[in-house]
Each structure stands twice: as structure tokens, then as C-alpha cells.
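What follows is the residue order along each chain.
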Amino acid sequence: MSEQNCLVSNDWICGEYVRSRSQELIDATVQHVWITAASVAIGVVVAFPLALLARRYRGFAGPILGLTTVLYSIPSLAMFSLLLPLFGLSASLVITGLVLYSLTILVRNVLAGLQAVPEEAVEAARGMGYGPARLLWEVELPLALPSVLAGVRIATVSTVALTTVGYIVDYGGLGTLIVSGLHSDFKAQVLTASVICVLLALVADLLLLGLQRLLTPWVRATRTPRIRRRPASAKVAEAA
């Protein structure tokens, strides 16, 4: 009875709300996840050739990085308004906006990873007869992978938060519940949807961190071992 009263008293924490609105929460969470995943995946596909272009032709690096920075600085409401004539009120509108926002992080990290590949590794591969494509996929990209995946992690967490802005066109996932709860002063809905959104960001970051460690075992193997301090008695014995 007390749990039902939490709805009447409009408490922040209310188990009855979670039970009675569980399907609504699940639907919003699923929408949030697939919009985030689609945006980051498309962002990676778009960012990779842009980073390759910026590395191959130095003259394009400044304009590409500058353009992605400008796109990231556009307020979300203005961004969606500019894209509205092209996509209408649809999930594509939100995904396209999120892809454009993710490029500033992804392009920079992919480019930084490729530029950090040791020149001696590249020269050794060329000496073994590697062509440009094979050199990229078998040497440069694996060595750049830690930086690339770090960028994907940052972009994913950022996109989880930005997806909530999609409430403007009713494709905001948990953001739609948060804003709806704010407008109706429904405290339990606001807090529950906000907590789930934070948990999604944490889980996504942990999963990508695990994937990064799985795909780059050499990063852990090449870490410098910690030097063990020798006891003072041993130093005195050697001096004697």
C-alpha cells in the first residue's frame, strides 16, 4: 500500500512506478540504445575516410578538423532545424545530427592514431612488399587501434547523453520520458529515466573498454614493469 502511495505523494524514488511503467521504460531504453549504436557506427564509417584524407593530403587536415569542430559547436535545436527539411520528423533526423556531432571526436582520434604509427614499422612493412591497402589494414590500423577505440568510447558516452535531445522530435529515447516528467512534475519518471541513462553510458563505456583490452593485448604486454625497491639491508651488504 505504501508503495502505491509513493505515486500519489509523487516521490522521487517509487518502486510502483517502475513496475507499472516497466514496458514504457523498456521501449524508451531500446530506442535510446539503437539510436546511439546506429549514430556511433555510422560516425565511425564516415570518420575513417575523412581521417585518411586528412593524413594523406595535409592541406585537407585543417578544413576537415575545422568543419567537424564547427558542426559540434552548433546547438542541437539549430542542428535539428537545419536537418528538418531533409529528413522530416523521423529517427533519421536525430541519427544524422548525432553522427555530425560525433565526427569531431572520431576524426581526431583516428587521425591521431594513424599519425602515431612508428615510421620504422611502416618502412619495414614496405620493405616486405606491403602495398598501400595491405599496409593500412595489417600494420597501421592495428597499431592505431588503441587511439581509435578510445575515440569510440568517448563518442559513445557523449552520444548517449546527446540522444536525449531527440525528444524534440519524439525520438529521444529516455530523454522523452525525462522531459515529459519535467513538464508534468512526475518526479519518479524523471529520476528513473535519468538513472537508466547514466547506467547506459557506464555499461557502454565498460563494454568498449573490455573490447579495447581484448583487441589490443600488446598494449598491456608492453607496459613497463614496476621496479621493485631493494631493501636497505641488501644495499648495505653490497657496499660492505
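The model shown is predicted, which means the values in this text are computed figures rather than measured ones. (Residues numbered from 1 in each chain as written. Predicted model: local features only at pLDDT ≥ 70, side-chain atom pairs only at ≥ 80, totals over all residues. Heavy atoms only, no water.)

## Considering the nonpolar core
In this structure, Met79, Phe80, Val94, Leu100, Val107, Val110 and Leu135 are the most contacted members of the largest nonpolar core, which totals 42 residues. Secondary-structure elements contributing two or more residues to this core are α3 (22–56), α4 (58–73), α5 (76–87), α6 (91–115), α7 (119–127) and α8 (132–162). Residue contributions to this core peak at 14 residues, all from α6. Apart from the residues lying within four places of it in its own chain, the contact partners of Phe80 are Leu93, Val94, Gly97, Val165, Gly166 and Ile168. Core analysis: the next-biggest nonpolar cluster, separate from the first, contains 16 residues, Tyr17, Leu25, Val190 and Cys197 among them. (Core = buried A, V, L, I, M, F, W, Y, C linked by side-chain atoms within 4.5 Å. Buried < 20%, exposed > 50% of the residue type's maximum accessible area, 1.4 Å probe, protein only. Helix = DSSP H or I, 4+ residues; strand = E, 2+ residues; numbered from the N terminus. Contact = heavy atoms within 4.5 Å.)

## Details of the pattern of salt bridges
Side chains that differ in charge, positive against negative, can pair when their charged atoms come close. Across all of its chains, the model carries six salt bridges by this definition. Across the pair Glu140 and Arg55 runs a salt bridge whose closest N-O atoms are separated by 2.8 Å. Placement of Glu140 in helix α8 and of Arg55 in helix α3 is noted, with a sequence separation of 85 residues between them. Note on Glu140: relative accessible area 7%, which makes it buried. (Salt bridge = Lys/Arg side-chain N within 4 Å of Asp/Glu carboxyl O.)

## What to know about the packing of α4 against α6
Where α4 contacts α6, the axes come no closer than 7 Å and their chain directions differ by 145°. Seen along the crossing, α4 lies across α6 with a hand that is left-handed. In this structure, α4 contributes Ile64, Leu65, Thr68, Thr69, Leu71 and Tyr72 to the contact, and α6 contributes Leu100, Tyr101, Leu103, Thr104, Val107, Arg108 and Leu111. Of the residues contributing to the contact of α4 with α6, the split by class is nine nonpolar, three polar and one charged. (Axes fitted to C-alpha atoms, helices over the stretch in contact; angles between N-to-C directions. Left-handed = near helix turned anticlockwise from the far one by under 90°. Nonpolar A, V, L, I, M, F, W, Y, C, P; charged D, E, K, R; others polar.)

## Overview of unusual backbone geometry
Excluding glycine, most residues fall at negative phi; most peptide bonds, likewise, are trans. Positioned with a positive phi, Asp170 is a non-glycine residue whose angle comes to about 65°. Relative to the assigned elements, Asp170 resides in the loop between α8 and α9 (174–184). Judged by its relative accessible area of 52%, Asp170 is exposed. Not every positive phi belongs to a glycine, and Asp185 is a case in point at roughly 55°. Examined against the element boundaries, Asp185 turns out to sit in the loop between α9 and α10 (187–215).

## Considerations on the side chain of Thr29
Among the structural elements, Thr29 can be located in helix α3. Here the side chain of Thr29 touches Leu25 through a polar contact of 2.8 Å, landing on its backbone oxygen. Excluding anything up to four places from it in sequence, Thr29 contacts Leu174, Ile196 and Leu200. (Polar contact = N/O pair within 3.5 Å; in protein donor to acceptor, adjacent residues only side chain to side chain.)

## Structural notes on a nonpolar patch on the surface
Side chains of Trp12, Ile13, Leu191, Val195, Val198, Leu199 and Leu202 sit close together on the surface and give an oily, nonpolar patch of about 680 Å² of accessible area. Inspection of the secondary structure assignment puts Leu199 in helix α10. (Patch = residues over 30% accessible without salt bridge, like charges linked within 9 Å, V, L, I, M, F, W, Y side chains within 5 Å. Areas by Shrake-Rupley, 256 points an atom, 1.4 Å probe, with all protein chains shown as cover.)

## Some points on the layout of surface pockets
The calculated volume of the largest pocket comes to roughly 430 Å³. In terms of lining residues, the largest pocket is bounded by 15 residues, among which Arg55, Arg56, Arg126, Leu135 and Glu140 are the most central. Every element with two or more residues in the lining of the largest pocket is listed here: α3, α6, α7 and α8. Residue composition of the lining of the largest pocket, grouped by class: eight nonpolar, one polar and six charged. Its volume calculated, the second largest pocket comes out at about 200 Å³. (1 Å grid on protein atoms, 1.4 Å probe; cavity = no way out; pocket = protein on both sides within 12 Å on 5 of 7 lines; lining within 4 Å. Points joined across faces, edges and corners; volume = space filled by probe spheres on them.)

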